[in-house]
Amino acid sequence: MRFFWKTVAANIVATLIMQLVIALVIFVVMVILVRGIIGAHAKETVQDKSMLVFEMNVAITDSPAHAASRMSVGLGGVEASSPRLALYDVVDAINQAAKDKHITALYLSGSLDTDNSASGYATLREVRQAIEQFKSSGKKVYAYLDEPTLRDYYLASVADEVTLNPFGFLTINGLSAESLFVHNALQKYGVGVQVTRVGKYKSATEMFTEDHMSDADREQLTGLLGDIWGTLSTDIAASRKLDAGVFKKLASDPGLYLAGDAKDKKLVDKLGYLDEVIEELEKAGDYDEINDTFRQVSLNTYAHRLAETRDSAAKSPFSSHNHIAVVYAEGDIVDGDSGDETVGGDDLAGILRQLRGDKDVKAVVLRVNSPGGSAMASEVIQREMRNLRDEKIPVVVSMGTYAASGGYWISAYSDYIYAEPTTVTGSIGVFGLKFNFKDIASQYGLTFDTVNTVPNSDMDSMARPWTPDEQKLAQTLVDYLYDQFIAKVAEGRSLKPDDVRNIAQGRVWSGTAAVAKDKGLVNAIGGLGDAIAKAEDLAGLKDKPTTLVQFPEKRVPYQALIQSLAGGGDSSPVSKISNSVAHDPVKATLQRLQTQWQLLRSFNDPRGLYARLPYLLQF
């Protein structure tokens, strides 16, 4: 009997081992197959005499992690997000295409998606400069537009040949900033708001307490928009070979042009329908019989292949151990963990702490595209920035569309700061908010009662407003944080505190103004590429092999994995039956409402204290 049970046990064990071996073999085979598919895709070469096609129906984000996220939470629930591309990937693809002997030209079409802070003017200026570099290589750039927004035209105007749909029109009537005020609505429904703030221009609280712009806010917005418009109009005029004064006059009178008038004013080169443009591109390039159109590769696919190769090389044991870490801070700064559109103070501080302990990291580039947010979260991040500098690890900041208030707070202790002329920065100020629902609750028969150990134990309760003494105490705390903000900027930027006070007061500045010697907030005008080169220089790595690593790492959901296996998110070839998606005004309105809702949700500082822009400018 004992022999029988030994035999049974041995058979069971043998069976289990065999099943484990089979499962392991299947797993290994699947891994090999998947890697083979991805590897074959990554190594696939571009066909000779191909055009790089940049379909602009995308949101260009700063962070690759944000670009990897393909879903968003809309007003109606979870919905598919627009395709997204990371700035570095777009610029790198265009730069590499300029040197790729298989690529003969670049073709742009479609309309940019401005989801949240994506596709901002600072981002587009860096992409635009890459296209200019592509042109300087001797390769042609073509653009086709239907009903372009100013952002679309800003990017497309650099092309050698801009074609506008004969039924389309062109709008170049400058910039406008519009603020939403909810004070009257809150009063109507019985929601109480009390504010504390420091800074003449710190207008973030005005949306809750006023029904129109203050004179100070109007003053700062007028200056800001004037600077940004000056950069855009100068860049467009230069590309279109127009005098800057002539272009500004065209923009102001009347600013909207039918297709024929746009051509007569030399704002575009040709009028034509999509099928006519495709026919011309077929003549200019090589014909693809399989797809019945000109030979092409989409920028999305091309960028994906390059990123895949770059990521694989970075993980190789043979890669350089001289790492330049690019860290992205994109979105509102909030306490705790990061979300798809927010920068969690704990998360980002953890990444910086991790890099500080990594011997391979020789320098850090912090790319900031944030209007600020929680004062506490900003301080948590800034502490790690100071620690990096104390450890003699060079830190360079690259400012994107926004790097204001809390976004500037986390930047102040870097060794060097770059901004684009259109960057919105500064806003050195602090405010506090307290909402209470006492009135609206009483309207529906709801009441509150409390038991306190000391009189102001329930000071943070939303069931009642502050007493005068409590509001005075809250203002004292805001004043203290403002003084700390001033002191930190002064120390980090080697400025006198009084000089910082003169340019602070919560005022927003353009990158052009911030780089001026009397401001000292920014060291130089430049983009992400300039910041990476500067970091290499400060680390003593100029002309030495380096490895670029990016954080946060890509959050790739199952959609992105399927996309990767299927060909990197490549779209259908551009052909005579392709559709160029025009700007959707309904979608734009919904996105704006969603942005305002996200703004309210980002107010999560435990003490109700914020260093944040008063708005995400809609222009």
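Reading the values: the criteria
- Along each chain, the written sequence defines residue order, and numbers are assigned to residues from 1.
- Totals for whole chains, interfaces and linings use all residues, but because this is a predicted model, local features are given only for residues with pLDDT of at least 70 and pairs of side-chain atoms are given and counted only at 80 or more.
- Hydrogens are left out, water is left out, and the side-chain values use all remaining heavy atoms of the structure.
- The numbering of helices and of strands both runs from the N terminus, where a helix is a DSSP run of H or I of at least 4 residues and a strand a run of E of at least 2.
- Burial status follows relative accessibility: with a 1.4 Å probe on protein chains alone, a residue under 20% of its type maximum counts as buried, one over 50% as exposed, and anything between as partly exposed.
- When checking whether two residues touch, look at their non-hydrogen atoms; a contact exists if any pair is within 4.5 Å.
- Where accessible areas are quoted, they stem from the Shrake-Rupley method and a 1.4 Å probe; at the residue level, only the protein chains shown are allowed to cover.
- Two strands make a pair as long as DSSP finds a minimum of two bridges between them.
- Each axis is a line fitted through C-alpha atoms, taken for helices only over the stretch in contact, and angles between the N-to-C directions span 0 to 180 degrees.
- Roughly parallel here means an angle under 35 degrees, roughly antiparallel means over 145, roughly perpendicular means 65 to 115, and every remaining angle is called oblique.
- Helix crossings are classified by the rotation of the near helix relative to the far one: an anticlockwise turn of less than a right angle makes the crossing left-handed, while a clockwise turn makes it right-handed.
- Charged residues are taken to be Asp, Glu, Lys and Arg, nonpolar residues to be Ala, Val, Leu, Ile, Met, Phe, Trp, Tyr, Cys and Pro, and polar residues to be all remaining types, Gly included.
- Only centres within 6.5 Å qualify two rings of Phe, Tyr or Trp (six-membered ring in Trp) as a pair; their planes then separate them into stacked at under 30 degrees, edge-to-face at over 60, and tilted for everything else.
- By this rule the span expected of a helix is its residue count minus one, scaled by 1.5 Å.
- Two N or O atoms form a polar contact when they lie within 3.5 Å of each other; inside protein one atom must be a possible hydrogen donor and the other a possible acceptor, and for residues adjacent in sequence the pair counts only when both atoms belong to side chains.
- An arc is given here, and it is the one of the directions from the helix axis to the C-beta atoms.

Student: Can you explain the overall build of the protein chain? Please cite residues and give values.
Tutor: Secondary structure summary: the protein chain contains 22 helices and 28 strands in total. Counting only residues that meet the buried cut, the protein chain has 52% of its 619 residues in that class. By sequence separation, contacts in the protein chain at least 24 residues apart represent 78% of the contacts at least 6 residues apart. Total accessible area computed for the protein chain in this model is approximately 28,800 Å², and 56% of it derives from carbon and sulfur atoms.

Student: Give a detailed account of the pairing of strand 7 (residues 140-145), specifying residues and quantitative values.
Tutor: Counting buried residues along strand 7, five of its six residues qualify, which places the element largely inside the surrounding structure. Summarising the sheet, strand 7 and strand 8 (residues 161-164) pair through four bridges and their orientation is parallel. Following the sheet pairing, L145 is matched in strand 8 by L164.

Student: Before we move on, can you summarise the pairing of strand 1 (residues 50-55) with the specific residues and values?
Tutor: Sheet faces and side chains relate simply in a regular strand, where the side chains alternate between the two faces. In terms of burial, strand 1 is a largely internal element, five of the six residues being buried. Pairing geometry for strand 1 and strand 6 (residues 103-109), over six bridges, is parallel. Within strand 6, the position partnered with S50 by the bridge is I103. The sheet contact formed by strand 1 and strand 15 (residues 296-298) spans three bridges and is parallel. The residue bridging V53 from the neighbouring strand is S298, located in strand 15.

Student: So what about the packing of helix 4 (residues 121-136) against helix 8 (residues 215-239)? Which residues, and what values?
Tutor: When two helices pack together, you describe them by how their axes are tilted relative to each other and by the distance separating the axes. Contact pair helix 4 / helix 8: the axes reach a minimum separation of 12 Å and the direction vectors enclose 20°. Here helix 4 is positioned roughly parallel relative to helix 8, judged by the angle of their axes. Helix-helix and strand crossings are classified by hand; for helix 4 and helix 8 the assignment is left-handed. For the pair formed by helix 4 and helix 8, the contact residues are Y121, R125, R128 and E132 on the first element and T231, L232, D235, I236 and S239 on the second. For the contact of helix 4 with helix 8, the residue count by class is three nonpolar, two polar and four charged.

Student: So what's going on with the packing of aromatic side chains? Which residues, and what values?
Tutor: Within the structure shown, the criterion is met by six aromatic pairs. Judged by centre distance (6.1 Å) and plane angle (85°), the rings of Y107 and F294 are edge-to-face. Pair noted here: Y107 is in strand 6 and F294 is in strand 14 (residues 293-294), with a separation of 187 residues, a long-range link. Like Y107, the residue F294 is buried in the burial classification.

Student: Give a description of the environment of D460 that names residues and reports values.
Tutor: Looking at the element boundaries, D460 is found in the loop between helix 16 (438-443) and helix 17 (468-493). C-alpha of D460 to C-alpha of N436: the two residues are 24 residues apart in sequence and 9.3 Å apart in space.

Student: Hey, could you go over helix 17 for me, with residue numbers and the actual values?
Tutor: The α-helix advances 3.6 residues per turn, and as a result positions three or four apart in sequence lie on the same side. Compared with the 38 Å implied by 1.5 Å per residue over 26 residues, the 37 Å span of helix 17 between its first and last C-alpha is a close match. Residues E470, A474, V478, L481, Y482, F485, I486, K488, V489, A490, G492 and R493 constitute the buried set of helix 17. Once helix 17 finishes, S494 follows within two positions and takes phi at roughly 55°, a positive value.

Student: Let's hear about the sheet that holds strand 8: which residues, and what values?
Tutor: Strand order in this open sheet of six strands is 12-8-7-6-1-15, and the pairing throughout is parallel. Looking at which strands have only one partner, the edges of the open sheet turn out to be strand 12 (270-271) and strand 15. Relative to the sheet, helix 11 (residues 274-284) contacts strand 1, strand 6, strand 7, strand 8 and strand 12, its axis offset from that of strand 7 by approximately 165°. On top of the sheet, helix 12 (residues 299-315) reaches strand 1, strand 6 and strand 15; it is set at about 70° to strand 15, its chief contact.

Student: Can you tell me about the side chain of S298, naming the residues and giving the values?
Tutor: Residue placement: S298 occurs in strand 15. Take S298: its relative accessible area is 9%, and that puts it in the buried class. A distance of 3.1 Å separates a polar atom in the side chain of S298 from the backbone nitrogen of T301.

Student: Before we move on, could you go through unusual backbone geometry and cite the residues and values that matter?
Tutor: The peptide bond linking D253 to P254 adopts the cis configuration, its omega dihedral lying at 0°. Here P254 lies in the loop between helix 9 (244-252) and strand 11 (256-258). Residue F551 is joined to P552 through a cis peptide bond whose omega torsion reads -5°. By the secondary structure assignment, P552 is in the loop between strand 27 (547-551) and helix 21 (558-566). Located in the positive-phi region is K266, a residue other than glycine, with phi close to 65°. Tracing the sequence through the fold places K266 in the loop between helix 10 (259-264) and strand 12. Of the residues examined, K266 reaches a relative accessible area of 57% and is grouped as exposed. Within the chain, S427 stands out as a residue other than glycine whose phi angle is a positive 55°.

Student: Explain the environment of Q133 residue by residue, including any values.
Tutor: Mapped onto the elements, Q133 comes out in helix 4. Taking the relative accessible area as the measure of exposure, Q133 reaches 52% and is therefore exposed. Along the sequence, Q133 and A98 sit 35 residues apart, while their C-alpha atoms lie 7.6 Å from each other.

Student: Residue-level account of helix 20 (residues 528-538), with values.
Tutor: Taken together, the buried positions of helix 20 are occupied by L528, A531, I532 and A535. Take helix 20 and look down its axis: the buried residues cluster within an arc of 100°, on one side only. Positive phi appears at G540, one or two residues downstream of helix 20, with a value of about 70°.

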